[in-house]
Amino acid sequence: MVSDLTDEQLVRLAVDRDPDAFGEIVTRWHRKIFALCLGILKREDEAKDAAQETFIAAYRNLERFRGEAKVSSWLHRIAVNQCLSRKRKDKRLSENLIDDSDPEEIKIFVAPIRECPSHVSEKKERLEAVRTAVNALPPDLKEIVLMKEFREMTFQEISEEMDVPLSTVKSRMYTALKQLRMKLESTPIEVV
């Protein structure tokens, strides 16, 4: 049964054109790859497309997978490349915020009756300041923050997926948080 095999064994079977093997890889990793793409692209429709393109690219390049990194790291790298390529094509700057039509953004305006409008406005400004600060981080630091905070991965899981030492992951997270703190402290939040 393919569900009992490791990712690496599945790749070997998929290279031999076993359709169930690659299907199992997609089943195992689709949710995490989609979450990663959503964290980078901020739009669900684009994230779905990028995740799909990630698996298409992985399937087309199965023979190139040498097993030097984990399958998860390989898929992660393809997904990041797909997202960056998509952003370049769309000529979007990394500071772009989530589109106003996004349901997550709309929730901010649909506040409970108990919440006063100035608090809602302040929360929205804080959220935008955090998004802008995260998007302004260098790619290697932004990647760690997205994995830790948005995908809720442990440092050990991040280390394994990125195929870098645990100490490097922790160091990058420390540096990212330090940079975020500095950026957010220098960004005034105006309350209406």
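Residues numbered from 1 in each chain as written. Predicted model: local features only at pLDDT ≥ 70, side-chain atom pairs only at ≥ 80, totals over all residues. Heavy atoms only, no water.

Participant: Is there a simple way to think about the nonpolar core in this case?
Facilitator: Across soluble globular proteins, nonpolar side chains show a tendency to be buried alongside one another. In terms of nonpolar packing, the biggest core is built from 29 residues, with Phe 22, Ile 25, Ile 33, Cys 37, Ile 40, Trp 74 and Leu 75 touching the most fellow members. Mapped onto this core, the elements with two or more residues apiece are helix H1 (7-15), helix H2 (19-41), helix H3 (44-60) and helix H4 (71-89). In terms of residues, this core owes the most to one element, H2, which gives 10 residues. If we ignore the near neighbours within four places in the chain, the residues touching Trp 74 are Ala 58, Asn 61, Leu 62 and Phe 65. Counting 15 residues, the second largest nonpolar core, distinct from the first, contains Ala 133, Leu 141, Ile 158 and Ala 176. (Core = buried A, V, L, I, M, F, W, Y, C linked by side-chain atoms within 4.5 Å. Buried < 20%, exposed > 50% of the residue type's maximum accessible area, 1.4 Å probe, protein only. Helix = DSSP H or I, 4+ residues; strand = E, 2+ residues; numbered from the N terminus. Contact = heavy atoms within 4.5 Å.)

Participant: Looking at this structure, how should I read the packing of aromatic side chains?
Facilitator: Aromatic ring pairs are defined here through the distance separating the ring centres and the angle between the ring planes. Applying the stated criterion to the full structure yields two aromatic pairs. A centroid spacing of 4.9 Å and a plane angle of 65° characterise the contact between Phe 22 and Tyr 59, whose relative ring orientation is edge-to-face. Taken together, the residues Phe 22 in helix H2 and Tyr 59 in helix H3 connect sequence positions 37 residues apart. Summarising the aromatic geometry, the rings of Phe 65 and Trp 74 are spaced 5.0 Å apart at their centres and angled 50° between planes, so their arrangement reads as tilted. We classify Trp 74 as buried; its relative accessible area is 17%. Across from the ring centre of Phe 155, 4.6 Å away, lies the NZ or CZ of Lys 148, which sits over that ring. (Phe/Tyr/Trp six-rings, centres within 6.5 Å; stacked < 30°, edge-to-face > 60°. Lys NZ or Arg CZ within 6 Å of the ring centre and 35° of its normal.)

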